[in-house]
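Examining the three-dimensional arrangement
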Amino acid sequence: MLDKSLCIGIPLMDYILAQSFPSIVNLIVRGSEMFGDVSMCAPRRLCPYANARQWILEQAIKQGSDYLLFLDSDQTFPLNTVEVLCKTMEIKECQLVSGYSWRRGYPYTSVWVKDKSQIACDGGVTELDASGLFCALIDVNWVKDNLDSPFFTSDLPEDKGSGEDAIFCFKIRRAGGSVWGNGHIRCGHLSDPIVIDDRSITFLRKRHHLDYPDEEVDKSLNSNGRLSVLDPSPSS
């Protein structure tokens, strides 16, 4: 058992979805087996999302947590998520490491951003410009010592068009930290009624074209599944 503390943070709009609940409970149990102290913060209807993430991180700092694991309530998670993300952070000496998932809605792109594009990943570990925080482990002590509060914002002029999760990643990189993703942690994004994951992504894209046969194929997707996005490069 590690002589460290872990806070699990889940921003909630309403409740944890039934499909997500078993895997979240499993992560709490696995976290308790790994860490000497595990706590949980799950604010409900604290909007916008940046406010909920800010409150969770503030609580993690106040209670002296060493790590914060952000989870989204509309995702499913592998059993070994905590172990793999912790090991990746240790090996890469990074400040944030994320699992992998797909976005809702056609063309079902990746939540990872690298070199100005959303990138698809079949596995492996890669350094990123930014990631969604649906399943992300954060080094709380590093954030406390190197970033200014508020940590989560969605209105910075240089990051116009980006969400609070991507902007948080940009802040880490601008302060000299790094953001990594582990593609072996394959999360499932809940949709109605299909979970968007590796097994369903091709079917969903084909179904979209069958439903809208006159729609032009999305030219922003290339052979690597990339989609151009806002330039997330750190300020010089």
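Our subject is the structure that appears above.
Report follows, based on the coordinates. Predicted model, so just to flag it, every value in this text is computed and none were measured. (Residues numbered from 1 in each chain as written. Predicted model: local features only at pLDDT ≥ 70, side-chain atom pairs only at ≥ 80, totals over all residues. Heavy atoms only, no water.)

**A look at the nonpolar core**
Ranked by size, the top nonpolar core spans 62 residues in total, and within it Leu71, Leu96, Leu137 and Phe168 carry the most contacts. Leave out the neighbours within four places in its chain, and Phe168 touches Leu57, Leu96, Leu133, Ile138, Val143, Leu147, Phe151 and Phe152. (Core = buried A, V, L, I, M, F, W, Y, C linked by side-chain atoms within 4.5 Å. Buried < 20%, exposed > 50% of the residue type's maximum accessible area, 1.4 Å probe, protein only. Contact = heavy atoms within 4.5 Å.)

**Focus on the pattern of salt bridges**
Counted by the stated rule, this structure contains 9 salt bridges. A salt bridge links Arg53 to Asp72; its shortest N-O distance comes to 3.2 Å. Of this pair, Arg53 sits in helix α2 (residues 49-62) while Asp72 is found in the loop between β3 (67-71) and β4 (75-76), placing the two residues 19 residues apart along the sequence. Note on Asp72: relative accessible area 12%, which makes it buried. A salt bridge links Arg53 to Glu164, with the nearest nitrogen and oxygen atoms 3.1 Å apart. On the criterion of sequence distance, the pair formed by Arg53 in helix α2 and Glu164 in helix α5 (residues 164-174) is long-range, its members being 111 residues apart. Residue class for Glu164 comes out buried when judged on its relative accessible area of 12%. (Salt bridge = Lys/Arg side-chain N within 4 Å of Asp/Glu carboxyl O. Helix = DSSP H or I, 4+ residues; strand = E, 2+ residues; numbered from the N terminus.)

**Considerations on unusual backbone geometry**
Residue Cys47 is joined to Pro48 through a cis peptide bond whose omega torsion reads -5°. Relative to the assigned elements, Pro48 resides in the loop between β2 (35-41) and α2. Residue Ser149 is joined to Pro150 through a cis peptide bond whose omega torsion reads 10°. Backbone geometry places Tyr108, a non-glycine residue, at a positive phi of 55°. Looking at the secondary structure, you find Tyr108 in the loop between β5 (96-100) and β6 (112-114).

**Section: the layout of surface pockets**
Counted as a void, the second largest pocket has a volume near 160 Å³. Taken together, Leu2, Lys4, Met34, Phe35, Tyr67, Glu83, Cys86, Lys87 and Glu90 make up the lining of the second largest pocket. For the lining of the second largest pocket, the elements supplying multiple residues, two or more each, are β1 (2-9) and α3 (81-92). Counting residues per element, the lining of the second largest pocket draws most heavily on α3, at 4 residues. (1 Å grid on protein atoms, 1.4 Å probe; cavity = no way out; pocket = protein on both sides within 12 Å on 5 of 7 lines; lining within 4 Å. Points joined across faces, edges and corners; volume = space filled by probe spheres on them.)

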